[in-house]
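# Fold and contact review
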Amino acid sequence: MAALLLPLLLLLPLLLLKLLRWPWLRWFLADFAFTVRALRCKRALKAQAAAAAAADPQGPESGCSLAWRLSQLLRECPGRTFLIHRDRRYSYAQAERESNRVARAFLRVRGWKEDPNLGGGEGVGATEKGARDAGDAVRREVELAPGKGDEARPDEGNGAPLESGSVVALLLPASPEFLWLWFGLAKAGLQAAFVPTALRRGPLLHCLRSCGARAIVVAPEFLESLEPDLSQLRDLKLKLWAAGPGPHPPGFSDLLAEAASEGEGPLPGYLSAPRNVLDTCLYIFTSGTTGLPKAARISHLKVLQCQGFYQLCGLHQSDVIYLTLPLYHMSGSLLGIVGCLGIGATVVLKTKFSASQFWEDCREHGVTVFQYIGELCRYLVNQPPSEGERNHGVRMAVGSGLRPDVWDRFVQRFGPLRVLETYGLTEGNVATLNYIGYPGAVGRSSWLYKLFSDFSLIRYDMASGEPVRDDQGLCVPVPPGEAGLMVAPVSQRAPFLGYAGSPELARGKLVHDVFRPGDVFFNTGDLLVCDAHDFLYFHDRTGDTFRWKGENVATTEVAKVLGTLDFLQDVNVYGVTVPGHEGRAGMAAVVPHPHRILDLDRLHAHIAEFLPPYAQPRFLRVQESLDTTETFKQQKVRLAKEGFDPNTVQAPLYVLDQTAGAYVPLTPALYAALLAGQVRI
């Protein structure tokens, strides 16, 4: 018998190796391992939330998810470094103390009086119901009690008083002060609104009105640029604070100075505990690429879920995470900071991204993971080679928006390191994660992954801007290889909370009667493709894809083809309206490589070989650099509005001459002939 088993045991490793060569089995094992990790993460977060719900409402571990997580970290690892910013290090204990001081400063303005008999102890209530009932009683008795004597500083008449749930806007760069203010607002039962730092005048006032802000905290370095808006800010009757010393404009006071004199002890959890996990916790503004920014509602549930983000990525508390993203962006605040809190790791916070200092910072601080968005990795690839660019300890890059062509160049130049590409929207109820690290993919579409985050790809009509429906009025799933609109079912587990303000703002974000009458799905507005092995790829935004000559043109596909030319450093593809023609013609803004010559003949030959005629750009715009947003996204809307008029566009322009089979300079005379219909495009 042993003689028969021995050959089988010897052949078993060979058999396993052969099986693992089958792609479906290899991916299934990876899907299964991720599903197990996701279920463990979900179970742990539910247990922590349940413990917070059952905790003594007078203790610090019964509050919102941010409050009780900070309290836990204070107990578990008070001396561990949480934050590194410039030459300063802050432990988890310091983060707890600083945010407690800020919370008390906000609570003073709310008129809250701290009862010395409550003491903020760590006792545990008998039951969840008993704890909540006690919390409600305490809230009724003392939460809004007016301050007396030295224990309460009265509001000096600057703005309306704050109440539980009031919105306070933060206009600050990525800094420790941003974090203390955010955490302090959460502990005080107030809602933060993260305002993009570049906004001024109309867009800024729109953001403040849309989220119903009652106060604003401004970084001192922004006060001068804010001067033209001050009278309108006062008209909004906002409480005005500066996050640092003066000189300040009239009406502003130094919030951090007020907080410095406050106590640093724990706060009762009932102040911040939500009545429902779907209650709004904070507001993050969408990028506003097609209009003014919208204030997306972020629930307590979403903040809690983000605590598990880095755990899902396979990070540990020993990791050092480099974060050079704006904190008003979800990737910086919820995924970067909250994700770091979830595993108790260390974050290196950079106020402003610097491609030239990136790897030096990573070496100096022992960075093991960094988070990216948009074009950040491309900026690194475009830097001149340096001797120490591979001498680093970075093992993983996590983020979204990395183009496939940049992905390959990045790993080859700076590797070995893993790239985990993600996909998600600030206001969305679905997210994908390429936990396998398969180049170019944004996630998986396997049935196992959909147990964790369900979604579907449905056929979309670019002409009508609506999903395609069958004879029964239901949507049509797309087969593998075909681009489809990503939609996700809306449920209590995966809600869509919409935006602050008018319900009209959410119009178009929900699709009804998708697979059965009465169901409701969230519309991501993005086209994705699933291949035969269940890998998911971003295709294009429905607003960026355009029609020309009766065909759909994906800007990402055209940019990918142009991006393979070695004399082009950057490419941005978009559609422009041409008088007398239906649809939009393709136009590409290109940045030549500084050490190579722009070869238009080779460019034309290249697109003629790799792109169908309708997808070939009709116009070229040559620039020294491409404009991006503060979140490293290419700006297409402004370029599309500027069009191809050589009388107004200062950059060199070229048009595709169909007869000559070449790109020729677009002169004012040729432009006039084109408008008159005398030139075929």
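Residues numbered from 1 in each chain as written. Predicted model: local features only at pLDDT ≥ 70, side-chain atom pairs only at ≥ 80, totals over all residues. Heavy atoms only, no water.

## Side note on the overall build of the protein chain
- Check the secondary structure of the protein chain and you find 20 helices and 30 strands.
- Here the protein chain holds 681 residues, and 54% of them are scored as buried.
- Here the analysis covers contacts within the protein chain between residues at least 6 apart in sequence; of these, 70% occur between residues at least 24 apart. (Helix = DSSP H or I, 4+ residues; strand = E, 2+ residues; numbered from the N terminus. Buried < 20%, exposed > 50% of the residue type's maximum accessible area, 1.4 Å probe, protein only. Contact = heavy atoms within 4.5 Å.)

## Brief notes about a nonpolar patch on the surface
- Together, Phe28, Leu29, Phe32, Trp447 and Leu451 line one region of the surface with nonpolar side chains, adding up to about 550 Å² of accessible area.
- Among the secondary structure elements, those contributing two or more residues to the nonpolar patch are helix 2 (23–54) and helix 16 (447–452).
- Top element by residues in the nonpolar patch is helix 2. It accounts for three residues.
- Note on placement: Trp447 falls in helix 16. (Patch = residues over 30% accessible without salt bridge, like charges linked within 9 Å, V, L, I, M, F, W, Y side chains within 5 Å. Areas by Shrake-Rupley, 256 points an atom, 1.4 Å probe, with all protein chains shown as cover. Salt bridge = Lys/Arg side-chain N within 4 Å of Asp/Glu carboxyl O.)

## Let's talk about the packing of aromatic side chains
- Evaluation of the coordinates by the stated rule reveals 33 aromatic pairs.
- When the centroid spacing of 6.0 Å and the interplanar angle of 65° are considered together, the rings of Phe370 and Phe410 count as edge-to-face. Pair noted here: Phe370 is in strand 12 (residues 369–373) and Phe410 is in helix 15 (residues 404–414), with a separation of 40 residues, a long-range link.
- Take Phe370: its relative accessible area is 0%, and that puts it in the buried class.
- According to the relative accessible area criterion, Phe410 is buried, its value standing at 0%.
- The structure contains a cluster of three or more aromatic residues connected by ring pairs, namely Tyr322, Phe353, Phe358, Trp359, Phe370, Tyr372, Tyr379, Phe410 and Phe414.
- Directly above the aromatic system of Phe455 lies the positively charged group of Lys450, at a separation of 4.9 Å from the ring centroid. (Phe/Tyr/Trp six-rings, centres within 6.5 Å; stacked < 30°, edge-to-face > 60°. Lys NZ or Arg CZ within 6 Å of the ring centre and 35° of its normal.)

## Considering unusual backbone geometry
- Pro247 follows Gly246 through a cis peptide bond whose omega is 15°.
- With respect to the helices and strands, the residue Pro247 is situated in the loop between strand 6 (239–242) and strand 7 (253–254).
- Cis rather than trans, the peptide bond between Gly415 and Pro416 has omega equal to 5°.
- Within the chain, Asp513 stands out as a residue other than glycine whose phi angle is a positive 55°.

## Observations regarding the pairing of strand 22 (residues 520–530)
- Most of strand 22 is tucked away: 10 of the 11 residues are buried.
- Sheet topology places strand 22 next to strand 23 (residues 535–541); five bridges connect them, and they run antiparallel. Residue pairing in the sheet places Asp526 in a bridge with Arg541 of strand 23.
- Remark: four residues form the turn of the hairpin made by strand 22 and strand 23, two consecutive strands paired antiparallel; Asp534 in that turn has positive phi of roughly 70°. (Pairing = 2+ DSSP bridges.)

## Focus on the environment of Gln650
- Along the polypeptide, Gln650 turns up in the loop between helix 19 (637–642) and strand 29 (653–657).
- Under the relative-accessibility criterion, Gln650 is labelled exposed at 74%.
- Between the alpha carbons of Gln650 and Val622 there is a distance of 9.8 Å; along the sequence they are 28 residues apart.

## Some thoughts on the packing of helix 3 (residues 65–76) against helix 4 (residues 92–110)
- Running from amino to carboxyl end, helix 3 crosses helix 4 at an angle of 140°, the nearest separation of the two axes being 8 Å. On the basis of the axis angle, helix 3 is oblique to helix 4. Seen along the crossing, helix 3 lies across helix 4 with a hand that is left-handed. Side by side, helix 3 and helix 4 meet where Leu70, Ser71, Leu73 and Leu74 of the first sit next to Tyr92, Ala93, Glu96 and Ser99 of the second.
- Across the contact of helix 3 with helix 4, the residue classes tally to five nonpolar, two polar and one charged. (Axes fitted to C-alpha atoms, helices over the stretch in contact; angles between N-to-C directions. Parallel < 35°, antiparallel > 145°, perpendicular 65-115°, else oblique. Left-handed = near helix turned anticlockwise from the far one by under 90°. Nonpolar A, V, L, I, M, F, W, Y, C, P; charged D, E, K, R; others polar.)

## Details of the sheet that holds strand 27 (residues 585–592)
- An order of 26-27-28-29-30 is seen for the five strands of this open sheet, with the pairing classed as mixed. Strand pairing shows two members of the sheet lacking a second neighbour, strand 26 (568–576) and strand 30 (662–665), which therefore form its edges. Pairs of neighbouring strands in the sheet enclose a mean axial angle of 30°, with direction left out of account.
- Relative to strand 29, strand 28 (residues 619–622) runs antiparallel, the two being bridged by three bridges. Looking at strand 29, one finds that Phe619 is bridged to Val655.

## Comments concerning helix 4
- Over its 19 residues, helix 4 extends 27 Å from the first C-alpha to the last, a length consistent with the 27 Å expected when each residue adds 1.5 Å.
- Within helix 4, 15 of the 19 residues are buried, which leaves it mostly tucked inside the rest of the structure.
- One or two residues past the end of helix 4 sits Gly111, with phi positive at roughly 85°. (Expected span 1.5 Å × (residues − 1).)

## Concerning the sheet that holds strand 4 (residues 191–194)
- As summarised here, the arrangement of the seven strands in space is 7-6-5-3-4-8-9, forming an open sheet in which the pairing is mixed. The two strands at the open ends of the sheet, each matched to only one other strand, are strand 7 and strand 9 (295–299).
- One ladder, built from five bridges, connects strand 3 (residues 167–171) with strand 5 (residues 213–218); its direction is parallel. When the sheet's bridge partners are listed, Leu170 is paired in strand 5 with Val217.

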